[in-house]
Amino acid sequence: MSTITTVAVLGAGQMGAGIAQAVALGGYSVRLYDVAAAQLPLAQGRIAASLARGVGRGATTQGQADEALARVTTVDTIAEAVTGADLVIEAAVEDEAVKKAVYAEVVPNLAPHALLATNTSSISITRLASSTDRPDRFIGLHFMKPAPVMKLVEIIRGIATSAETHSAAVAFAESLGKTTTDAEDFPAFIVNRILVPMMNEAIYTLYEGVGNVASIDQALRLGANHPMGPLELADFMGLDVVLAIMNVLYDGLADSKYRPCPLLVKYVEAGWLGRKSGRGFYDYSGETPVPTR
């Protein structure tokens, strides 16, 4: 898009780094910020490694990878990240209070024309937008994980999001080579409204002893032709994220079918969050993941 040249990505975890990479590959200048400064060199390493893998499988050339990496600049403050940016993409943890605290720091430094987007996977766009000075220029841009590889971006309008902001968001996502789908502003939108309760049901199936980790994942891989089993996918997404989304669904829709499985709660309380912590429904400490139950 000619009106967007500089993009700020707030959050340099797995999702934020992936979004920064996808945006840089799209030809945009990216400023990457994280409240934990130690995350920034880790994110640069993730992006470099991911780009190298892309070159290895022929998805991009070495020249394109080098150019994309050069477009990503890490910065030390939110003000440095967002001042003069045309689009700000917030990719903080899936916690409404944290996101609103980020916006409180962002808003005073935004250019009047800037669009503000959130990568939330479940939280109300309307509520988040209402805590900013520009609900008409606020939108949900939900990238799938891993962002550089997955083709879909969910576009979610809040009640005040303008048609112009929606059009700009769609055009931006498509300029990255993504396919977009519009979702209404209901808890967890489309993908996670369907996908995460399936994971929660798989955890209940484990909790109730219907099958063990290996048998449940094999059943869905071979019986439903899923590329990953639901427990493997939950570990990949992060069990804390799965729990946060289930809580949004349970609180927002007041339906007992969305009650998080107690075993999921226990794993999160133990710090067993999946791949990112080294242990979840699988133990990732060795060369091959081993089921923990």
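Only a predicted model underlies this, so the values are computations on that prediction, with no experimental measurement involved.

S.K.: Sorry if this is basic, but what is going on with the overall build of the protein here?
M.R.: A tally of regular secondary structure across the protein gives 12 helices and 10 strands. Its C-alpha atoms give the protein a radius of gyration of 19 Å, near enough to 19 Å, the size a compact globule of 293 residues would have. Seen along its three principal axes, the alpha-carbon backbone of the protein occupies a region of about 55 × 45 × 30 Å. Across the protein, every contact between residues at least 6 apart in sequence was considered, and the portion connecting residues at least 24 apart equals 65%. A total of about 13,100 Å² of accessible surface is found on the protein, and carbon and sulfur atoms cover 55% of it. Averaging the positions of the 23 positive and the 30 negative side-chain charges in the protein gives two centres separated by 3 Å.

S.K.: What should I look at first to understand helix α7 (residues 163-175) in this one?
M.R.: One turn of an α-helix holds 3.6 residues; hence residues three or four places apart share an orientation. The end-to-end C-alpha distance of α7 is 18 Å, a good match for the 18 Å that 13 residues give at a rise of 1.5 Å each. Of the positions making up α7, those classed as buried are T165, H166, A168, A169, V170, F172 and A173. Just downstream of α7 lies G177, where phi reads positive at about 85°.

S.K.: What am I meant to see in the packing of aromatic side chains here?
M.R.: The relative placement of two aromatic rings is captured by the distance of their centres and the angle of their planes. Applying the stated criterion to the full structure yields 6 aromatic pairs. Measuring from ring centre to ring centre gives 6.3 Å for Y204 and Y207, while their planes differ by 70°; the resulting arrangement is edge-to-face. Of the two residues, Y204 and Y207 both sit in helix α8 (residues 191-207), 3 residues apart, roughly one turn of that helix. When its relative accessible area of 12% is taken as the criterion, Y204 is described as buried.

S.K.: Is there a simple way to think about the pattern of salt bridges in this case?
M.R.: Counted under the stated rule, the structure contains 10 salt bridges. Among the salt bridges present, the one from R71 reaches E67, with a minimum N-O distance of 3.7 Å. With R71 and E67 both in helix α3 (residues 62-71) and 4 residues apart, the pair spans about one turn of that helix. For R71, a relative accessible area of 25% translates into the label partly exposed. The exposure class of E67 is partly exposed, given its relative accessible area of 46%. Residues K99 and E94 are paired through a salt bridge, measuring 3.9 Å at the closest nitrogen-oxygen approach. Just as K99 is buried, E94 falls in that class too. Because the salt bridges share partners, they merge into one network encompassing E90, E94 and K99.

S.K.: I tried to follow the pairing of strand β7 (residues 152-157) on my own but got confused; where do I start?
M.R.: Remember that side chains alternate between the two faces of the sheet whenever the strand is regular. The pairing of strand β6 (residues 138-143) with β7 spans 5 bridges and is classified as antiparallel. Paired with H142 across the two strands is E154, which belongs to β7. Where β7 and strand β8 (residues 179-183) come together, 5 bridges link them in parallel fashion. Bridged to L152 within β8 is T179. Between β7 and its parallel partner β8, the chain crosses via α7, and the hand of that crossover is right-handed.

S.K.: I would appreciate a short explanation of the pairing of strand β4 (residues 87-90) in the present structure.
M.R.: Here β4 shows a buried face lined by L87 and I89 and a second buried face lined by V88 and E90. Bridge count for β4 against strand β5 (residues 115-118) is 4 bridges, and the pairing is parallel. Across the sheet, I89 pairs through a bridge with A117, a residue of β5. What joins β4 to β5 is helix α5 (residues 96-106), and the crossover it makes is right-handed.

S.K.: What's the story with the UniProt feature "domain: 3-hydroxyacyl-CoA dehydrogenase NAD binding" (unreviewed entry) in the protein in this structure? I'm lost.
M.R.: According to UniProt, the feature "domain: 3-hydroxyacyl-CoA dehydrogenase NAD binding" (unreviewed entry) maps to residues 6-184 in the numbering used here. End C-alpha atoms of residues 6-184 are separated by 28 Å, and the span's content is 42% helix alongside 21% strand.

S.K.: Just checking my understanding: could you explain the packing of helix α9 (residues 213-223) against helix α10 (residues 230-237) for this structure?
M.R.: Angle between the axes and distance between the axes are the two parameters that describe a pair of packed helices. Axis separation between α9 and α10 bottoms out at 7 Å; the angle between their running directions is 100°. One way to sum up the angle between α9 and α10 is to call them roughly perpendicular. When α9 is examined against α10, the residues V213, I216, D217, L220 and R221 are found in contact with a partner set consisting of P230, L231 and E232. Considering only residue class, the contact of α9 with α10 consists of 5 nonpolar, no polar and 3 charged.

About the thresholds
Residues numbered from 1 in each chain as written. Predicted model: local features only at pLDDT ≥ 70, side-chain atom pairs only at ≥ 80, totals over all residues. Heavy atoms only, no water. Helix = DSSP H or I, 4+ residues; strand = E, 2+ residues; numbered from the N terminus. Rg over C-alpha atoms; globule rule 2.2 N^0.38 Å. Contact = heavy atoms within 4.5 Å. Areas by Shrake-Rupley, 256 points an atom, 1.4 Å probe, with all protein chains shown as cover. Lys, Arg positive; Asp, Glu negative; His and termini not counted. Charge placed at Lys NZ, Arg CZ, Asp CG, Glu CD. Expected span 1.5 Å × (residues − 1). Buried < 20%, exposed > 50% of the residue type's maximum accessible area, 1.4 Å probe, protein only. Phe/Tyr/Trp six-rings, centres within 6.5 Å; stacked < 30°, edge-to-face > 60°. Salt bridge = Lys/Arg side-chain N within 4 Å of Asp/Glu carboxyl O. Pairing = 2+ DSSP bridges. Right-handed = clockwise from strand over helix to strand, strands pointing away. UniProt positions renumbered as here; feature names shortened; annotations may be inferred. Axes fitted to C-alpha atoms, helices over the stretch in contact; angles between N-to-C directions. Parallel < 35°, antiparallel > 145°, perpendicular 65-115°, else oblique. Nonpolar A, V, L, I, M, F, W, Y, C, P; charged D, E, K, R; others polar.

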